[in-house]
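Letter by letter, the chains look like this.
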Amino acid sequence: YVSEFVRMSLRMTPFRDSGWISGWTVFYWAWWVSWSPFVGLFIARVSRGRTIREFILGTVLAPTLAAFVWFSVFGGTALNQEIMQGLPMAEAVGADVSTAMFAMFESMPMSGLLSGVATILVLVFFVTSGDSATLVLGMMSTGGQPNPSARVKVIWGVLVSGIAISLLLAGGVKAVQTATIVFALPFTLVIVLMAVALWRGVRDDWNEEQRRDKALRRRLKDMLEKPPAA
């Protein structure tokens, strides 16, 4: 994984037809760029009062470790079924990625329970994602109000659902993917500017903290060096 990370992350395949670039790397980055506006604001809102160290541990390192465990367990299980047990897992993935996990569960003990839990988790994921999206869109459309009204959130929920349904009816999942990439491209510049603004904000906070620390040290020094009153 480490030896191939850089090469596969920057692979462009300019001289041969390959689906890698459209499925991962550059175009996959666009997915995350399009998600970043409301995900970033939502995480920042629920992380208010946390330190930068706590924020990084809770939003970067912990999910990354969880993802490693997830891919190791489920990916390793699917590979074992495909290679060792001769089950057509690769064929199930090729037929429909969204149902491949349920195909894997069918060959395992308590398959009904596993499929039911997975369905609940998928439902919770969509509900929480939609809820956070409508919350952030409500915040943006009300001048940064941290707690937008239910009416505003319902309106945004209906609009987002309507757009998603229209795209699905017009061209299926491919239409949604294409729209996501198109919307993400101009926002890349905004993210760069936000990164610069974050760096400047942290730098200003650090300088202010250093000034307060120096002022406190001077006051303590003056108090200690001041001769006691007669």
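Reading the values: rules and limits
Residues numbered from 1 in each chain as written. Predicted model: local features only at pLDDT ≥ 70, side-chain atom pairs only at ≥ 80, totals over all residues. Heavy atoms only, no water. Helix = DSSP H or I, 4+ residues; strand = E, 2+ residues; numbered from the N terminus. Buried < 20%, exposed > 50% of the residue type's maximum accessible area, 1.4 Å probe, protein only. Contact = heavy atoms within 4.5 Å. Phe/Tyr/Trp six-rings, centres within 6.5 Å; stacked < 30°, edge-to-face > 60°. Arc of directions from axis to C-beta. pLDDT = per-residue confidence, 0-100. Expected span 1.5 Å × (residues − 1). Bend = angle between axes of the 7 residues up to and from the residue. Axes fitted to C-alpha atoms, helices over the stretch in contact; angles between N-to-C directions. Left-handed = near helix turned anticlockwise from the far one by under 90°. Salt bridge = Lys/Arg side-chain N within 4 Å of Asp/Glu carboxyl O.

Chemist: So what exactly am I meant to see when it comes to the environment of Trp156 here?
Modeler: Mapped onto the secondary structure, Trp156 falls in helix H8 (residues 150–225). A relative accessible area of 27% places Trp156 in the partly exposed class. Distance from Trp156 to Ser141, taken between C-alpha atoms, is 9.6 Å for residues 15 residues apart in sequence. With residues near it in sequence (within four places) discarded, Trp156 still touches Thr134, Leu137, Gly138 and Ser141.

Chemist: Would you mind showing me how to read the packing of aromatic side chains here?
Modeler: Each aromatic ring pair is characterised by the separation of its centres together with the angle its planes make. Per the stated rule, a full pass over the model turns up 4 aromatic pairs. Centre to centre, the rings of Phe102 and Phe105 are 6.4 Å apart; their planes meet at 90°, and the pair counts as edge-to-face. Taken together, the positions of Phe102 and Phe105, both in helix H6 (residues 97–106) and 3 residues apart, correspond to about one turn of that helix. On the accessibility criterion, Phe102 (22% relative accessible area) is partly exposed.

Chemist: Whenever I open this one, H6 confuses me. Can you help?
Modeler: In an α-helix, one turn spans 3.6 residues, which is why side chains three or four residues apart end up on the same side. Residues of H6 that are buried: Ala100, Met104 and Phe105. Mapping the buried residues of H6 onto a view down its axis gives an arc of 140°, with all of them on the same face. Opposite the buried face of H6, by more than 90 degrees, sit the exposed residues Ser98 and Glu106. On its buried face, H6 sits against helix H4 (52–83), helix H5 (89–95) and helix H7 (111–141).

Chemist: Help me understand the confidence of the model for the protein chain in this model?
Modeler: Overall, the prediction assigns the protein chain a mean pLDDT of 81, with 89% of residues at 70 or greater. When pLDDT is averaged over each element of the protein chain, H4 comes out on top at 88 and helix H2 (residues 20–23) at the bottom at 67.

Chemist: Sorry, what's going on with H4 here?
Modeler: With 32 residues, H4 ought to run about 46 Å at 1.5 Å a step, and its terminal C-alpha atoms sit 44 Å apart, in line with that. The axis of H4 is deflected most strongly, by about 30°, at Gly58.

Chemist: Before we go on, may I ask you to explain the packing of H4 against H6 in this structure?
Modeler: Each pair of packed helices can be described by the angle between their axes along with the distance between the axes. Across the interface, H4 lies against H6 with an axial gap of 11 Å and an inter-helix angle of 60°. The crossing of H4 and H6 is left-handed. Here Trp70, Phe74, Thr77, Ala78 and Gln81 of H4 lie close against H6, whose contacting residues are Met101, Met104 and Phe105.

Chemist: Any chance you could explain unusual backbone geometry here in plain terms?
Modeler: If a residue is not glycine, its phi is most likely negative; likewise, a peptide bond is most likely trans. Backbone geometry at Met110 places phi at a positive 55°, although glycine is not the residue there. Mapping Met110 onto the fold places it in the loop between H6 and H7. For Met110, a relative accessible area of 60% translates into the label exposed.

Chemist: It is not clear to me how the pattern of salt bridges should be interpreted in this structure. Could you clarify?
Modeler: When the charged atoms of two side chains with opposite charge come close together, those side chains can pair. Taken as a whole and assessed by the stated rule, the structure comprises 5 salt bridges. A salt bridge links Arg203 to Asp204, with the shortest nitrogen-to-oxygen separation between them at 3.6 Å. A salt bridge links Glu208 to Arg212; the shortest N-O distance between them is 3.8 Å. One end of the pair is Glu208 and the other is Arg212, both in helix H8 and 4 residues apart, which spans about a single turn. By relative accessible area, Glu208 is classed as partly exposed at 32%. One connected set of salt bridges, linked through shared partners, spans Glu208, Arg211 and Arg212.

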